[in-house]
Amino acid sequence: MPLNDDDFMRYSRHLLMDDIGESGQEKLINSRILIVGLGGLGCPVSTYLAGAGVGFLALCDPDRVDKTNLQRQVLFRSEDCGEFKVSCAKDRLKALNDSVNIEIYPRAVDTEILNYHYDLIIDCTDNLPARHVLNKQCSENKIPFVSAAAVGWEGQLIGFDFNNYSSPCFNCVINGQLQDPVMNCSNSGVVGPVLGVIGSLQATIAIRMLLGYFQQHGEMQRYDGKRGQWLTMTSMRDKACMVCSHEL
Ligand SMILES: [Zn+2]
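All of these numbers come straight from a predicted model, not from anything done at the bench.

Student: I'm lost on the sheet that holds strand β3 (residues 101-105) in this one. Help?
Tutor: Strand pairing in a sheet takes place through backbone hydrogen bonds and is either antiparallel or parallel in direction. Spatially, 8 strands are ordered β3-β2-β1-β4-β5-β6-β7-β8 in an open sheet, and the strand pairing comes out mixed. Of all strands in the sheet, those with a lone pairing partner are β3 and β8 (229-234), marking the two edges. Between one strand axis and the next, the sheet turns by 15° as a mean value, whatever way the strands run. Bridge analysis of strand β2 (residues 56-60) against β3 gives 5 bridges, and the strand direction is parallel. Bridge pairing in β3 places Cys60 opposite Tyr105. Contacts between helix α10 (residues 192-211) and the sheet are confined to β1 (32-36), β4 (120-123), β5 (145-151), β6 (154-160) and β7 (219-224), with β6 contributing the most and set at about 10° to the helix.

Student: Where do I start with the pairing of β1 in this structure?
Tutor: Working note: regular strand, side chains alternate between the two faces of the sheet. Counting buried residues along β1, 4 of its 5 residues qualify, which places the element largely inside the surrounding structure. Pairing between β1 and β2: 5 bridges, direction parallel. Opposite Val36, over in β2, you have Cys60 as the bridge partner. Once the chain exits β1 it traverses helix α4 (residues 42-52) before rejoining the sheet at β2, and the crossover so formed is right-handed. Relative to β4, β1 is paired through 4 bridges, and the arrangement is parallel. Following the sheet pairing, Leu34 is matched in β4 by Ile121.

Student: Teacher, can you tell me more about helix α5 (residues 85-96) here?
Tutor: It helps to recall that an α-helix has 3.6 residues per turn; residues three or four apart then point in one direction. Helix length check: α5, at 12 residues, gives a terminal C-alpha distance of 16 Å against a target of 16 Å (1.5 Å per residue), a fit within 8%. Looking at α5, one finds that the buried residues are Lys85, Val86, Cys88, Ala89, Lys90 and Leu93. Packed against the buried residues of α5 are α4, β2 and β3.

Student: Which parts of the structure should I look at to understand the environment of Met220?
Tutor: Considering the arrangement of structural elements, one finds Met220 in strand β7. Looking at Met220, the number of C-beta atoms within 10 Å reads 20, which means it is buried. If we ignore the near neighbours within four places in the chain, the residues touching Met220 are Gln156, Ile158, Val173, Met233 and Ser235.

What counts, and at which threshold
Residues numbered from 1 in each chain as written. Predicted model: local features only at pLDDT ≥ 70, side-chain atom pairs only at ≥ 80, totals over all residues. Pairing = 2+ DSSP bridges. Helix = DSSP H or I, 4+ residues; strand = E, 2+ residues; numbered from the N terminus. Axes fitted to C-alpha atoms, helices over the stretch in contact; angles between N-to-C directions. Contact = placed C-beta atoms within 7 Å. Buried ≥ 20, exposed ≤ 12 C-beta atoms within 10 Å, placed from the backbone. Right-handed = clockwise from strand over helix to strand, strands pointing away. Expected span 1.5 Å × (residues − 1).

Right, dumping it as structure tokens:
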């Protein structure tokens with residue numbers, strides 16, 4: 001489908017850019033993304049991707065909005081407390097951009113949800129077992145994957161383009177740990193805008209991947225919001241990895 005008049009207005013700031021333009025915008029409109037987790041990361045990720053015109057967003061989260069979420073989960077309002085996060089998020093995102101198709105799953109991610117076709121999966125969860133499930137699905141099916149986490153003043157993120165032979169997987173990067181090495185937000189707190197920084201970068205990586213501009217294979221970026229410092233750590237593909245080594 002060619003861009004219509006509304007698209008030309010709405011996406012004019014993309015169309016002005018030589019490395020996005022009409023062909024790039026059409027790629028975004030024809031893309032399907034699964035966002036797992038609609039918390040502090042999923043809120044900015046889904047907002048920016050809906051605004052950018054990604055044509056299909058699947059939102060998955062079993063939780064309902066709680067008053068303790070409102071300090072950082074910027075899609076939700078006080079009156080949303082008690083409602084499913086994915087339902088509230090869909091309403092807000094449709095109000096932002098009605099041309100985006102949005103499917104919602106008010107439950108934990110499962111095989112049925114994962115087996116639909118996606119061009120990209122974004123991990124906005126706060127638990128390691130879910131991250132391993134998403135990593136395995138993406139690695140085996142060569143679906144680009146963006147994973148992130150934040151706690152306290154710190155956040156980290158990494159993208160995996162499994163179509164690139166040299167890309168490690170999440171399991172390679174964390175050396176197969178099955179126990180979460182860091183505490184999560186609910187037991188140790190988090191500064192809201194740190195999630196905004198990291199979530200915005202997840203959305204940026206997603207757009208780069210969809211447009212073919214992602215080259216940071218194995219690079220995990222870490223942000224220390226208290227010191228205002230960034231650190232990049234590079235991991236190689238692990239030839240003994242339980243998840244991706246069978247493809248070597
Ligand atoms: Zn691996």
